[in-house]
Amino acid sequence: MQSSEMDYKKYLQLVLNHKERFVVVALLIMTLAFAVSFVLPRKYQATSTVFIEKNVISELVKGITVTPSMEDTINVLTYAITSRTLLTKVIDSLDMNLSKNQTEMEALIKTLQKNTTVKVKDKNLFTISFLDQNPRVARDFVNTLVRLYIEENISSKRGESYDATKFLSEQIDTFNEKLEKAEAEVNAYKRDNGGIISIDEGKLFEEINTAQQKLYDLQLRRRQLEGMRQVTRKSNDPLQAKLSALQKRLDDLRVQYTDSYPEVVSVRSDIETVREQLRARKGAEAQPLEPQELAKIESEIDAIKVTEEGLRRYVANNRRILQSIPTAKAGLEKLELEKKNQKAIYDQLFSRHGQSEVSKQMEVQDKSTTFRVVDPAVLPVKPSSPDRLKIMLLGMIGGLAGSFGILFLLDQLDTSAKDVEFVKELGLPVLAVIPRMTDPVQVAARKKRSRRIFCLAGVYFMLMLVFPAMEVLNLTYMDRALDKVYAGGSH
Amino acid sequence: MSRIEVAMEKAARLRQEREVAGEPAAAPHPAAAPPKRPAAASAQYGVLSPTDPFLVNLHDPHSATAEEYRKLKSALVKMTTGEVFRNTIMVTSSVPCEGKSLTALNLAVSLSQELDHTVLLVDADLRRPSVHRYLNVEQGVGLADVLTGKAQIGETIVPTGIGKLSVIRAGSQVDNPAELFSSQHNKAVIAELKNRYPDRYIIIDTPPVLPFAESRSLAHLVDGVLFVVMERLASQANIREAVESLKGCPILGTVYNAAAVDGTDSRYSYYQGYERTE
C-alpha cells in the first residue's frame, strides 16, 4: 500500500516534471492514430437477414413425412454458404471472374470467404454479411449469395425427396421378390414334409408303446402254444404215461419213505424197466399223435408269427419317424423365420414409401420448411470498417499511455542518481539534502514557454476533436476529400 | 541641525581613519561597494552585495533550503571540532555543474553567520572560477597568483561584509592548474591558510574530480572533503568512480543537491507553514 502509493507519486512526479514533453508526444501519437484511421481502406458491409420459415403443414404432417432436416442444414450453414461451389457460382453470376487466372481465382475465393460472415440467431434467423471496399459490390454479393443459396437448398431438398422415394420403391420391389421366394420355399417344404410335420409326437409314442405291448402278448401266446404241442405229443404214448405215473408214485413215496424202503426200490426198478422199454422202442415207429389237434396248434402258431412280424415292422417304422420329426420341424421354422423377416422389412419399406411420397409432394408444392429473405441487403452508406471513432478514441488513450510509456522508458534509461537512496548506498553519510533551487526569472520564462506550449497543444487538440465529432455526426467531408486525393493520385 | 552636522563630521573622520590604516579590501573594488551599506557591516571589511538568488542563506534565511544548509553546517561543525580543529574543508563533485560553488558559498555564509567562526572561502577552481560571479566581485588577484608566487596570501583575501566571511578569488588565468596544485608550494600555501587563524574555517571550492586532477591532489591536503551529488546529473557509475578515486582522503560526507521537492512531503510543508505564520 505504502509502496504503491509511493510509486503512483513517483509516476505523477515524472509526468509533472516533463509535462510539456508528455503533452507533445501524446498529441503526436494521437495524430498518428487519427491519420491511420483515415488512411485505412474503407470497407462497406452489406447484410441480408434470412428467416427460416416453418410451414404449418409441415407441423401437421409431422411424423408422416420425412423432410430433410433443417437442423443439419443450419449446422453446416456457414460452410455451405462459403463453399467453393456456391462462391464460384456467385462469382460467375456477378462477372467477378473477368480476366482472372486460376491463382487469382483462388485468392479471390479466399478473400470472399474471409469477408463473408454468417451469424445464426435463435435457430430461426440468420444474417449473411459481406465486407468490401465497394458498397455496391458488397450489396450485390450478399444478395446473389443468398439467392443462390436458397435456390440450391430448395433444389437439393427436392432432389433428396425424389431420390428417397425412388430408392424406397426400388427397395420395395427387391424385397417383394425376396418375400415371394421365401414364401414359395416354405410352401414347398411343407409339401415335402407335410406328413411328418403334422404328426403328433406324443400320440406316436403311445402308439409305439401299444404295439410293443401287443407284440409281447403275442410272443407269450406263441410260446404257450408251442409248449402245448409238446405236451400233446407225450400224453399220447402209454409207456410215457406209465413212466409219468411211476415217477409220480416215486415222488409220493419219497415223501414218506427213505430210498431203501422196499416199495421205493420196486418203483425204481419199474421205472428203470419202463425206460429200458422206451429206449428199446427208440427208432421204432413213432406213435402217431392226434393229427387234427396238432394241425390246429401249428396253424395258430403260424398266424401269430405273421402278426408278430407285422407289429415289429410297424414299431420300427414309427421309431424312425419319431426321430426325424425335430429335424423337419426345425427346417420349417428356419424357413418361416426368414419369410417373417423379409415380410417385416417389406412392410416397413412400404410404410416409409408412403411417407416419402407425401414428403415429395410437400417439396414439390413448396409446403415444407423454406428460407425467406426478410431483409435483403441494401447499399451501405457508411463504411463499417475502419471504426474511426474507436481508433480515434484508442489513439487518444494510447497517446496518453504511449507518452507516459516513453517518459517512463527514458527515466529507466537514465542511469544518473535519481534519489537520495543511491547516495546513501555509497556508504558515505548524507549531510544534507538541498532542495532544487529555482530562479524566479528562469521559472517565469519556463512557465511562459510551457503555457505557450499548452495553449498550442490545447488548440491543436480541439482541432483534432473535430474529426471524431464529424464521425459522430456522420459528416463525410473527409471521405470525399480522401476520395478526391486518391482519384487525383491515381490519374 | 547641529546634531546632523556632528554626525556628518564623525563619518568623515571615520573614513579618513580607514584610508590611513590602508585597508586593502575596499580599494581594489570600488565598483563593488554598494551605495547602501548594511548597518551590521564591520567597518574593518569591505561590503559586497551579491544579488544571486541562489545564495539562500543570505537572501532567504528562513527557507527550507537555507535550513538544509544550516543542517549541513552544524553537522560539519560537529565533525570538525574536536581535540584538533580540522578546519580545511574542500567541496568537490564527480562532474561539473553539480553545485559545488553554491554549496561552498552557502555553507560559508551559514558558517560566517555563526558567532564563533570566521570563514575564508577559497575559489580553487582555476579553470572555471565562479565564486566571484556569485558574489558580484570583479576577478582580480587570487589563488593562482599566490600559487605562482606573484602575490602574498594577505593581499588576496577579500572581505565580503557578510558576517565574518572573506574570500580568496581564483585570480589570474593559468595554463597548468594541475601542476600548481601538486606542487610543494601549494602544500605550504594550504598549511599557511590553515594555521593563519586558529578559529577560521577554510572552505575550498574545487574543480570536479573526474575530468581534472587538481581535486585529487588537494583532497590529500585538506581535513575534510564534502562530496556534492546533484540529482539526475552524473551517472551512478561516474559517482562511484569519483568516490573511489577519493579513497584514502578524509571524506566527511555527501551533499545531495537539487533534490526534487515533493510538494506533498510533510517535511517541507511544515517549513512552508512555519514560514507563513511568521
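The rules we used
- Residues numbered from 1 in each chain as written.
- Chains lettered and ligands numbered in written order.
- Predicted model: local features only at pLDDT ≥ 70, side-chain atom pairs only at ≥ 80, totals over all residues.
- Heavy atoms only, no water.
- Helix = DSSP H or I, 4+ residues; strand = E, 2+ residues; numbered from the N terminus.
- Buried < 20%, exposed > 50% of the residue type's maximum accessible area, 1.4 Å probe, protein only.
- Contact = heavy atoms within 4.5 Å.
- 1 Å grid on protein atoms, 1.4 Å probe; cavity = no way out; pocket = protein on both sides within 12 Å on 5 of 7 lines; lining within 4 Å.
- Points joined across faces, edges and corners; volume = space filled by probe spheres on them.
- Nonpolar A, V, L, I, M, F, W, Y, C, P; charged D, E, K, R; others polar.
- Salt bridge = Lys/Arg side-chain N within 4 Å of Asp/Glu carboxyl O.
- Pairing = 2+ DSSP bridges.
- Axes fitted to C-alpha atoms, helices over the stretch in contact; angles between N-to-C directions.
- Phe/Tyr/Trp six-rings, centres within 6.5 Å; stacked < 30°, edge-to-face > 60°.
- Lys NZ or Arg CZ within 6 Å of the ring centre and 35° of its normal.
- Patch = residues over 30% accessible without salt bridge, like charges linked within 9 Å, V, L, I, M, F, W, Y side chains within 5 Å.
- Areas by Shrake-Rupley, 256 points an atom, 1.4 Å probe, with all protein chains shown as cover.
- Lys, Arg positive; Asp, Glu negative; His and termini not counted.
- Charge placed at Lys NZ, Arg CZ, Asp CG, Glu CD.
- Expected span 1.5 Å × (residues − 1).
- Arc of directions from axis to C-beta.
- Polar contact = N/O pair within 3.5 Å; in protein donor to acceptor, adjacent residues only side chain to side chain.
- pLDDT = per-residue confidence, 0-100.
- Buried area = accessible area lost by both parts, 1.4 Å probe.

## Some details on the overall build of chain A
When its secondary structure is counted, chain A shows 17 helices and 5 strands. By residue count, 32% of the 491 residues in chain A fall in the buried class. Taking the contacts inside chain A whose residues are at least 6 apart along the sequence as the reference set, 85% of them involve residues at least 24 apart.

## A short note on empty space enclosed by the protein
Residue and element names in this part refer to chain B. According to the stated counting rule, one finds 1 cavity of 30 Å³ or more in the structure shown. Estimates place the volume of the largest cavity at around 50 Å³. Lining the largest cavity, in full, are V122, A124, L143, F181, N186, V189, I190, I204 and L218. Among the elements that take part in the lining of the largest cavity, helix α9 (residues 184-196) stands out by supplying 3 residues, more than any other. Among the residues forming the lining of the largest cavity, the class breakdown is 8 nonpolar, 1 polar and no charged.

## Describing the pattern of salt bridges
In the structure shown here, the tally under the stated rule is 29 salt bridges over all chains. Two residues, K190 of chain A and E336 of chain A, come together in a salt bridge whose shortest N-O distance is 3.8 Å. With a gap of 146 residues between them, K190 of chain A in helix α8 (residues 135-192) and E336 of chain A in helix α13 (residues 291-364) connect regions that are remote in the sequence. The shortest N-O distance in the salt bridge between K73 of chain B and E114 of chain B comes to 3.2 Å.

## Observations concerning the sheet that holds strand β6 (residues 224-230) of chain B
With respect to topology, 8 strands assemble into an open sheet ordered β5(A)-β7(B)-β6(B)-β1(B)-β5(B)-β2(B)-β4(B)-β3(B), the strand pairing being mixed. This sheet does not close on itself; its edge strands, each paired only once, are β5 (430-435) of chain A together with β3 (157-159) of chain B. This sheet shows a mean twist of 25° between the axes of neighbouring strands, independent of strand direction. When strand β1 (residues 88-93) of chain B meets strand β5 (residues 200-205) of chain B, the two strands line up parallel, connected through 4 bridges. Residue pairing across strands places T88 of chain B opposite I202 of chain B, the latter belonging to β5 of chain B. Against the sheet, helix α3 (residues 64-80) of chain B touches β5 of chain A together with β1, β5, β6 and β7 (251-259) of chain B, its axis set at about 165° to β5 of chain A.

## Some points on the pairing of β6 of chain B
Regular strands place their side chains on alternate faces of the sheet. Residue and element names in this part refer to chain B. When you tally the buried positions in β6, you get 7 out of 7 residues, the bulk of the element. Along β6, one buried face is formed by G224, L226, V228 and M230 and the opposite face, lined by V225, F227 and V229, is buried too. The pairing of β1 with β6 spans 5 bridges and is classified as parallel. Residue pairing for β6: S93 is matched across the bridge by V228. Here β6 pairs with β7 via 6 bridges, running parallel. Paired with V229 across the strands is Y256, a residue of β7.

## Considering unusual backbone geometry
Trans is the common state for peptide bonds, and a negative phi is the common state for residues other than glycine. All names here are of chain B. Its identity is not glycine, yet C97 carries a phi of approximately 65°, on the positive side. Along the chain, C97 turns up in the loop between β1 and α4 (100-113). The phi dihedral of A258 is positive, around 55°, even though this residue is not glycine.

## Points about the packing of aromatic side chains
Residue and element names in this part refer to chain A. Counted by the stated rule, this structure contains 9 aromatic pairs over all chains. Measuring from ring centre to ring centre gives 6.5 Å for F34 and F467, while their planes differ by 85°; the resulting arrangement is edge-to-face. Of this pair, F34 sits in helix α2 (residues 19-39) while F467 sits in helix α16 (residues 440-472), and the two are 433 residues apart along the sequence. You can call F467 partly exposed: its relative accessible area is 27%. A network of ring pairs unites the aromatic residues Y11, F404 and F408 as a single cluster. Positioned above the aromatic ring of F175, the side-chain terminus of K178 is 4.8 Å from the ring centre.

## Details of the environment of K123 of chain A
All names here are of chain A. Looking at the secondary structure, you find K123 in the loop between β2 (116-121) and β3 (125-132). Considered as a pair, K123 and N75 are 48 residues apart in the sequence and their alpha carbons are 9.5 Å apart. The residues contacting K123, other than those within four sequence positions of it, are I52, I74 and N75.

## Concerning a negative patch on the surface
Residues and elements named next belong to chain A. Taken together, the side chains of E170, D173, E177, E180 and E183 define an acidic patch exposed on the protein surface. When you line up the elements, D173 lands in helix α8. For D173, a relative accessible area of 52% puts it in the exposed group.

## Structural notes on helix α7 (residues 102-115) of chain A
Residue and element names in this part refer to chain A. An ideal rise of 1.5 Å per residue puts 20 Å on 14 residues; α7 measures up with 20 Å between its terminal C-alpha atoms. For α7, the full list of buried residues reads M105, L108, I109, L112 and N115. All buried residues of α7 lie within an arc of 135° about the axis, which places them on one face of the element. Structural note: α7 exposes T103, K110 and K114 on the side pointing more than 90 degrees away from its buried face. Taking the backbone nitrogen of T103 as reference, a side-chain oxygen 3.2 Å away marks N101 as the first, capping residue of α7.

## As for the confidence of the model for chain B
Residues and elements named next belong to chain B. Residue-level pLDDT values for chain B average 81, and 77% of them are 70 or greater. Taken element by element, the predicted model of chain B shows its lowest mean pLDDT in helix α12 (residues 266-277) (44) and its highest in β1 (94). Counting contacts from residues 20-45, a segment whose pLDDT is below 50, to residues more than four positions away or on other chains yields 22 contacts. The low-confidence segment residues 263-278, where pLDDT is below 50, has 15 contacts with residues more than four positions distant or belonging to other chains. Scored as a whole, the predicted complex attains pTM 0.55, and scored at its interfaces, ipTM 0.76.

## A look at the interface of chain A and chain B
Across the boundary between the two partners, chain A contributes 27 residues, which contact 36 residues of chain B. In total, about 2900 Å² of surface goes out of reach between chain A and chain B, with carbon and sulfur atoms giving 65% of it. Contact with chain B buries area across many residues of chain A, yet L431, I434 and M437 of chain A alone supply 25% of it, more than any other trio. For the pair chain A and chain B, the number of links is 2 salt bridges. D414 of chain A is the partner of R232 of chain B in a salt bridge, and the nearest nitrogen-oxygen pair spans 3.3 Å. Between the two partners, chain A and chain B, sit 16 residue pairs in polar contact (both at pLDDT 80 or more). Those elements that provide at least two residues to the side of chain A that touches chain B are α1 (2-17), α15 (420-425) and β5 of chain A. In terms of residue count, the dominant contributor to the side of chain A that touches chain B is β5 of chain A (6 residues). Taken together, the residues of the side of chain A that touches chain B sort by class into 15 nonpolar, 4 polar and 8 charged. Alignment of β5 of chain A against β7 of chain B, held across 4 bridges, turns out to be parallel. Paired with V430 of chain A across the bridge in β7 of chain B is T254 of chain B.

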